[in-house]
Amino acid sequence: MPPAQVWIGAPPRVNFLGARMAVTGSADGRLLVTVRIGGNTSGVSDERRSDGPPRPVRPRQPHDFEESYAGTPPWDIGRPQPAFLELAQTGVVRGRVLDVGCGTGEHVLMAADIGLEAVGIDIATAAIAIAERKARERGSDARFLVWNALELSSLGERFDTVLDCGLFHIFE
């Protein structure tokens, strides 16, 4: 998994695997992340195209992600990623927090631990069940929902910080 990237200074506009993301600042200091996804939401394979990104093999289905949580997925390190922990500790993660594709919830729990209202969504019910169990065991008020990341607007909520650690790269 590539390391998390943090931009300091001018907000970037990036294009990756068909998704265009714009990060812009607002007058009140909040960041707005806009993602436009073109094309389909395919799964990927190890087969490379001439331009580099992996080729789609078939659209990802919820059961693809469910199967990942039968054991410990390779991306789940059982604690927040160090880059996100540093952002939280320095106050960059603030306000209402949404973790898109939260998996077992470590970043949501991290945000809740520092007193932030935190919500995590994931399409895998198994991942959300693990996250909810962790929240109960830790006495956390973090909230978790089984939700499709392509339907964020239907949540009907606004967030000041949106985290992604390993989700948007699967979209093409």
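Residues numbered from 1 in each chain as written. Predicted model: local features only at pLDDT ≥ 70, side-chain atom pairs only at ≥ 80, totals over all residues. Heavy atoms only, no water.

A. View of the pairing of strand S6 (residues 97-100). Of the two faces of S6, the one carrying Val97 and Asp99 and the one carrying Leu98 and Val100 are both buried. Bridging between S6 and strand S7 (residues 118-122) involves four bridges; their strand directions are parallel. Pairing of leucine 98 across the sheet is with valine 119, part of S7. Of the pairings in the sheet, the one linking S6 to strand S9 (residues 161-163) comprises three bridges and is parallel in character. (Buried < 20%, exposed > 50% of the residue type's maximum accessible area, 1.4 Å probe, protein only. Helix = DSSP H or I, 4+ residues; strand = E, 2+ residues; numbered from the N terminus. Pairing = 2+ DSSP bridges.)

B. The pairing of S7, seen in detail. The buried fraction of S7 is high, at five of five residues. Taking every second residue as pointing to the same face, both faces of S7 are buried, with Ala118, Gly120 and Asp122 on one and Val119 and Ile121 on the other. Chirality of the crossover, the property in question, places the unit of S6, helix H3 (residues 106-113) and S7 among those that are right-handed. With four bridges joining them, S7 and strand S8 (residues 143-146) adopt parallel strand pairing. Each residue of the ladder has a partner; that of glycine 120, found in S8, is phenylalanine 144. Regarding topology, helix H4 (residues 125-138) serves as the crossover connection from S7 to the parallel S8, and that connection is right-handed. (Right-handed = clockwise from strand over helix to strand, strands pointing away.)

C. Broad picture of the pattern of salt bridges. Summed over the entire model, instances satisfying the criterion amount to six salt bridges. As a salt-bridge pair, glutamate 106 and lysine 134 come within 2.7 Å of each other at their nearest N and O atoms. Here the residue glutamate 106 occupies a position in helix H3, and lysine 134 occupies one in helix H4, the gap between them amounting to 28 residues. For the pair shown, glutamate 106 and lysine 134 are each scored as buried. (Salt bridge = Lys/Arg side-chain N within 4 Å of Asp/Glu carboxyl O.)

D. Region of interest: the side chain of threonine 161. Turning to its location among the elements, threonine 161 is positioned in strand S9. A relative accessible area of 10% places threonine 161 in the buried class. Residues in contact with threonine 161, not counting those within four places in the same chain, are Val92, Val93, Arg94, Arg96, Val97 and Leu98. (Contact = heavy atoms within 4.5 Å.)

E. Structural view of the packing of aromatic side chains. Taken as a whole, this structure holds one aromatic pair when the rule is applied. Ring geometry for tyrosine 69 and tryptophan 75: centres 6.0 Å apart, planes at 75°, overall edge-to-face. Under the relative-accessibility criterion, tyrosine 69 is labelled buried at 9%. Assessed through its relative accessible area of 35%, tryptophan 75 is described here as partly exposed. (Phe/Tyr/Trp six-rings, centres within 6.5 Å; stacked < 30°, edge-to-face > 60°.)

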